[in-house]
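# Structural description and commentary
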Amino acid sequence: MTDLPDLQYGPRRDPMRYVHEEGTLQAALARRLLGVPPGAGDASAIAHEVSEVIAKQAPDGAFGESPSDTAKALCRLFELGCAPDMPEVVQGLDALPRQHRAEGTPDPADGDNLKDPVHAHGREGSLANEAIDALTLGGRHSVPELRPSLRHMAGHVETWLRTTGCPWGPNWYTQTLWNARHVEDVEATVLLSLRWFARHMDDAGLVGYMDPWGHVKTAGVVDHPLGANQARRMLPLVLRTQRPDGGWGDNTVDVIRMLTTHGLLDRMRDLPPLPDDWTVERSVPAPSGEFGHMTWHDGHMWAHDTKANEVVGMSSDDGAVTRRIPLPVDKVYGIAWHDGLLAVCQGGPWEPNKNLFLIDPDTGAVRREVALDKVDMAIGLAELGGRLWIGDGFAFGAKLLDPARPEEITHVQWPGTCAGYMASTGDTVWHTDSFAKVMVECDRVGELTDWAEIPFDGAVKGLAHDGNALWALDGSQRRLCQIRRAA
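Anyway, here's the lowdown on the structure attached to this text. (Residues numbered from 1 in each chain as written. Predicted model: local features only at pLDDT ≥ 70, side-chain atom pairs only at ≥ 80, totals over all residues. Heavy atoms only, no water.)

What follows concerns the overall build of the chain. Along its length, the chain carries 14 helices and 20 strands. The C-alpha radius of gyration of the chain comes to 25 Å, within 12% of the 23 Å expected for a compact globule of 487 residues. Across the chain, every contact between residues at least 6 apart in sequence was considered, and the portion connecting residues at least 24 apart equals 55%. Here the chain has roughly 21,000 Å² of accessible surface; of this, 47% comes from carbon and sulfur atoms. Averaged over its 46 positive side-chain charges, the chain has a centre that lies 2 Å from the centre of its 69 negative ones. (Helix = DSSP H or I, 4+ residues; strand = E, 2+ residues; numbered from the N terminus. Rg over C-alpha atoms; globule rule 2.2 N^0.38 Å. Contact = heavy atoms within 4.5 Å. Areas by Shrake-Rupley, 256 points an atom, 1.4 Å probe, with all protein chains shown as cover. Lys, Arg positive; Asp, Glu negative; His and termini not counted. Charge placed at Lys NZ, Arg CZ, Asp CG, Glu CD.)

The geometry of helix H7 (residues 129-137) relative to helix H9 (residues 169-179) is characterised by a closest axis approach of 10 Å and an angle of 25 degrees between their N-to-C directions. With respect to each other, H7 and H9 are oriented roughly parallel. Of the two elements, H7 crosses H9, and the hand of that crossing is left-handed. Only Trp172, Tyr173, Thr176 and Asn179 of H9 make contact with H7, whose side of the interface consists of Asn129, Ile132, Asp133 and Thr136. (Axes fitted to C-alpha atoms, helices over the stretch in contact; angles between N-to-C directions. Parallel < 35°, antiparallel > 145°, perpendicular 65-115°, else oblique. Left-handed = near helix turned anticlockwise from the far one by under 90°.)

The next point concerns the sheet that holds strand S18 (residues 460-465). The 4 strands lie next to each other as S1-S20-S19-S18, forming an open sheet whose pairing is antiparallel. The sheet terminates laterally at strand S1 (278-285) and S18, the two strands that pair on one side only. Within this sheet the neighbouring strands show an average axis-to-axis angle of 25 degrees, counted without direction. Relative to strand S20 (residues 479-485), S1 runs antiparallel, the two sharing 7 bridges. Paired with arginine 282 across the bridge in S20 is glutamine 482. (Pairing = 2+ DSSP bridges.)

Written out as structure tokens, the structure is:
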């Protein structure tokens, strides 16, 4: 377990400025959480969101065909400040147990999903976590299924507390049990979970498949010394992902709750701001184009122009275009070079067609096509040690492939979750993490070697390594930048 970081630095921008000045729904909810005067539009913004949820309610009180639909809607209404005695909430809380009982206990032979131990509660007829949350927060503690469901969840922690599986489940269940600790004696399982997180969490606040913002929410919900320890462990990531407006996007309320629950907000405001992780050594203007994904080859930077669907070669001396290679395939989510051929990864989020193409740069002809059937979601590409690393956005790692032996494919579980842009340094691979919203570096076996913020306030549109230095495409100022880690 990594030692807790010292509180050396605070935020670069005062988060209270966001709380006081922004007109977003997150800011309105943060103001209510902190008890500061509401903004002029807060009431209407929250009321609009409430009406959007209520509009989906059926005459019988349900918010959808499944108990999960109703439970999620109820939890959202509670997040928005609705009281348990609000008529629509009362009707929803009445409907939820009816829907659960009507659904019945599924047959384990009904599908692979039910064979997954994470879904053991479904086989046992227990309430799902969101249903437990809704009934607990709604004060329906006498619903017969509630206490047995809590005991089942707490008693089968080995089915859901794992580094692989659902990116959100372990944090959801931990929060559910903590919120229901006064209904059933389940606090010991919560503390077991937090100790498990502490053992498995790396320096970047990452744990296996999990969305790290779930760790932030859990730390804010669990008002316990172990929750405070988790909050301290998450601070480095939180400080590096703060946005220019002082908030954290849709995660703002969770961050504010975490900081205030454990007395960190006021303490950090008096500390010097966190220094930048990156220094721009030099920069050149980037040519026109809508770029995404970069690579380096033969003394040139190469970037994929997503609109023109071509790979553009450019000089790192002045950014001038040196070559254009039209692509014969679309939906490209990664480029690299392999044995003198342009390697192109076709895929993207939830795309059924996932393929690797090796393209002759002189003729534009496809020299070879490899089906990526063993890649769940192909969203990045880099070459390391003669093999292509294909970022797998669903399996949260990389598939390693030698095009000469496409039947031999290896999975590397790396630190971090969903890959974005990738770059090989020759010994390691950097990738931007779209869940964590940081950059992560790992070695050939997937061990964390470094991590940092995404430069330019997250506006990176591609990464490449020229053999000596890392380059990033700054999408906000349209420039190619040679960057290095700050001292």
